[in-house]
Amino acid sequence: MKSPRIFVPNDATAVACGADRIARKLEAGLLARGITADITRNGSRGLFWLEPLVEVETERGRVGYGPVTPSDIEELLHGGFLHGADHPLCVGLVEEIPYLKRQTRLTFARIGIIDPLSLTDYKAHGGYRGLERAIALGPSATVEEVVDSGLRGRGGAGFPTGIKWRTVAAAPADQRYIVCNADEGDSGTFADRLIMEADPFCLIEGMTIAGLAVGATRGYVYCRSEYPLAFVVMEKAIEKAREAGLLGANVLGSGLSFDMEMRMGAGAYVCGEETSLLESLEGKRGLVRAKPPLPAHVGLFGKPTVINNLVSLATVPVILDKGGKYYRDFGMGRSRGTMPIQLAGNIKYGGLFETAFGIPLGELVNDIGGGTASGRPVRAVQAGGPLGAYLPVHQFDTPFDYEAFAAKDALIGHGGIVVFDDTVDMAHMAKFAMEFCSHESCGKCTPCRIGSTRGVETLEKVIAGERREANLEILTDLCHTMKLGSLCALGGFTPYPVMSALTHFPEDFGAAPKLPVAAE
Ligand SMILES: Cc1cc2nc3c(=O)[nH]c(=O)nc-3n(C[C@H](O)[C@H](O)[C@H](O)COP(=O)(O)O)c2cc1C
Ligand code: SF4
């Protein structure tokens, strides 16, 4: 009989839910029964409410069981789960789970399927086809393919990736750099981490393509300090890619050189901002630089630098493999391709949902996400991280699209959606936004450094009912100053969560008795 193949995820979500203990218990149970099995430590599929999701390969496909606890293992083994037998924890064929089946997985096509550190697995699932094509096309055609795809930066600002690459390629220099922004500071987001932990070669391939396209021979991944596991997986994958000739002096025998290293951040949200990230990479305090010059002209160590979000770079292999047109055909308006939307907060089915742009917000929250985990009515979501607006239920028809969100003063950002039920106090959320800004401010400019502290004080007065109207006027004026006068988006965007809370939920600021949620 063929040895059964079992998959137990090894990413931070699954490990936090006990996946390591499950793997050990499984090994012991198999040993006791004299069964030889191949236990592959894959990454999560991104269906977090099912973690740890244990999968077994059967003739029908991979059958899943979850969420599994160590105490379930004996019963599962006894009940024939190695053959995909039925069990209360069985979720059937994993590929048929509606949450997964409804997705369009382009960037995240391999997560949860492969062994993250197996190059053989990676290549068997389409890996390195993009780099091969990029080498065949040559640098400028590679850049144009990315321009054609319509890919926009997935880190927050939504700037066209290909145009950024074109600028760096055209900048005269003896050295250029690729910097991957893996600081992933936005609330409720984990897409960067999942790629690093579940499909690290995808990022390596994307960065290599970027390097060869713009003539950069070195790359750095600036990884969030809270991601120790991702950091280790990436280091191992880089070493394997180097040994296989996929990084180094002669990438894939092309005669072209590209190599990369990992760097760990130190826990500052502002170090996700591209210029303070570069300062931090250079070993200095993470202070925002004034622009211009742009990093594309004067970046890391003063050299032209492509700085892209991790998801932007990890999307490049599929674009080069299948073509810019293929990618561009997904989406709506100027939002092309797919977005890994991360459903988090008080939500029943939290996880990663990669889909073409254009899906309405309400469908994501209620239909796909299943509403709140608490079972209470949804009251608001914060989209796009801590600098993003709060959207009330009556705006849930907004399509997930950069321009449609901007028209509502909202942000797509890195694709995070944090859900709140009707127990949330929006005045406190507004105060929290100001507190966050004052805590994370790099201190370089006055509207943000001083304004956020004054904002906290003013909101405290509003919440205490002290000269409410006058203090709200001060708050609105302060938000206006921060929006227009801040050097970067930390100070410049903090007014959005604050003002959206005030605009959509005035009753929480003492304006009128709270309306019943159903009437909103
Ligand atoms: C305060 C602040 C924090 C940011 N944090 C991140 C982050 O964690 N990850 C990220 O990719 N971009 C972050 N950005 C956006 C970056 O400055 C930059 O736009 C991005 O790395 C460019 O890559 P992209 O074009 O691929 O999105 C942040 C911006 C600001 C103002
Ligand atoms: S807005 Fe805040 S974080 Fe940005 S430069 Fe000014 S002080 Fe620094």
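Structure: see above.
Predicted model only: the values in this text are computed from it and were never measured.

With that out of the way, let us pick up the packing of aromatic side chains. With the rule as written, the count across this model stands at 16 aromatic pairs. Pairing Y177 with Y220 gives two aromatic rings, centres 6.1 Å apart and planes at 50°, and the pair type is tilted. In this pair, Y177 is assigned in strand β6 (residues 177-182) and Y220 in strand β7 (residues 218-223), connecting sequence segments 43 residues apart. One exposure class covers both Y177 and Y220, and it is buried. Joined through ring pairs, the aromatic side chains of W49, Y99, Y349 and F353 make up one cluster. The ring centre of F7 lies 3.4 Å from the NZ or CZ of R62, which sits over that ring. Sitting above the plane of the Y227 ring, R224 keeps its charged end 5.6 Å from the centroid.

With that settled, the discussion passes to helix α6 (residues 129-137). Where α6 is concerned, the buried positions are G130, L131 and A134. One face of α6 carries all of its buried residues, which in axial projection span an arc of 95°. Taken together, the buried residues of α6 touch α7 (139-149), α10 (200-214) and α13 (310-322). Directly after α6, the chain includes G138, whose backbone phi takes a positive value near 90°.

Let's shift gears to empty space enclosed by the protein. Counted by the stated rule, this structure contains one cavity of 30 Å³ or more. As a volume, the largest cavity reaches approximately 70 Å³. When its residues are assigned to classes, the lining of the largest cavity shows eight nonpolar, four polar and one charged.

Attention now moves to the nonpolar core. Formed by 63 residues in total, the largest nonpolar core has its most connected members in W165, M196, L203 and I204. Those residues within four positions of L203 in sequence are excluded, and the remaining contacts are C180, I195, M196, V221, M234, L310 and L313. Judged by nonpolar contacts, the second largest core, of 36 residues, contains V270, A380, C448 and F505.

Our next topic: the sheet that holds strand β13 (residues 351-356). Here five strands make up an open sheet; going across it, the order is β13-β12-β16-β14-β15 and the pairing mixed. Sheet topology places β13 and β15 (390-392) at the edges, where each strand pairs with a single neighbour. Taking each pair of neighbouring strands and ignoring which way they run, the sheet shows an average axis angle of 30°. The sheet contact formed by strand β14 (residues 378-383) and β15 spans three bridges and is antiparallel. Within the sheet, the bridge partner assigned to V381 lies in β15 and is L391.

To continue, consider the pairing of strand β16 (residues 416-421). The buried count for β16 comes to six of six residues, which makes it a mostly enclosed element. Side chains G416, V418 and F420 of β16 all project onto a buried face; the interleaved residues I417, V419 and D421 project onto the opposite face, where all are buried too. Two strands pair when backbone bridges link them, and strand β12 (residues 338-345) and β16 are joined in this way by four bridges, in the parallel orientation. Paired with G345 across the bridge in β16 is V419. Pairing between β14 and β16: five bridges, direction antiparallel.

Okay, the side chain of R105 next. Mapped onto the elements, R105 comes out in the loop between α4 (98-101) and α5 (119-124). The side chain of R105 is buried and forms no salt bridge, while E354, the nearest opposite charge, is found at 5.0 Å. Engagement of the side chain of R105 in a polar contact is seen with the backbone oxygen of R45, the distance being 2.8 Å. Polar contacts involving the side chain of R105 include one to the side chain of Q103, which spans 2.9 Å. Non-local contacts of R105, meaning those with residues more than four positions away in its chain, are made with R45, G46, L100, I111, L352 and E354.

What counts, and where the lines are drawn
Residues numbered from 1 in each chain as written. Chains lettered and ligands numbered in written order. Predicted model: local features only at pLDDT ≥ 70, side-chain atom pairs only at ≥ 80, totals over all residues. Heavy atoms only, no water. Phe/Tyr/Trp six-rings, centres within 6.5 Å; stacked < 30°, edge-to-face > 60°. Helix = DSSP H or I, 4+ residues; strand = E, 2+ residues; numbered from the N terminus. Buried < 20%, exposed > 50% of the residue type's maximum accessible area, 1.4 Å probe, protein only. Lys NZ or Arg CZ within 6 Å of the ring centre and 35° of its normal. Arc of directions from axis to C-beta. Contact = heavy atoms within 4.5 Å. 1 Å grid on protein atoms, 1.4 Å probe; cavity = no way out; pocket = protein on both sides within 12 Å on 5 of 7 lines; lining within 4 Å. Points joined across faces, edges and corners; volume = space filled by probe spheres on them. Nonpolar A, V, L, I, M, F, W, Y, C, P; charged D, E, K, R; others polar. Core = buried A, V, L, I, M, F, W, Y, C linked by side-chain atoms within 4.5 Å. Pairing = 2+ DSSP bridges. Axes fitted to C-alpha atoms, helices over the stretch in contact; angles between N-to-C directions. Lys, Arg positive; Asp, Glu negative; His and termini not counted. Salt bridge = Lys/Arg side-chain N within 4 Å of Asp/Glu carboxyl O. Polar contact = N/O pair within 3.5 Å; in protein donor to acceptor, adjacent residues only side chain to side chain.

Note that all results are geometric; they support no functional claim without further evidence.
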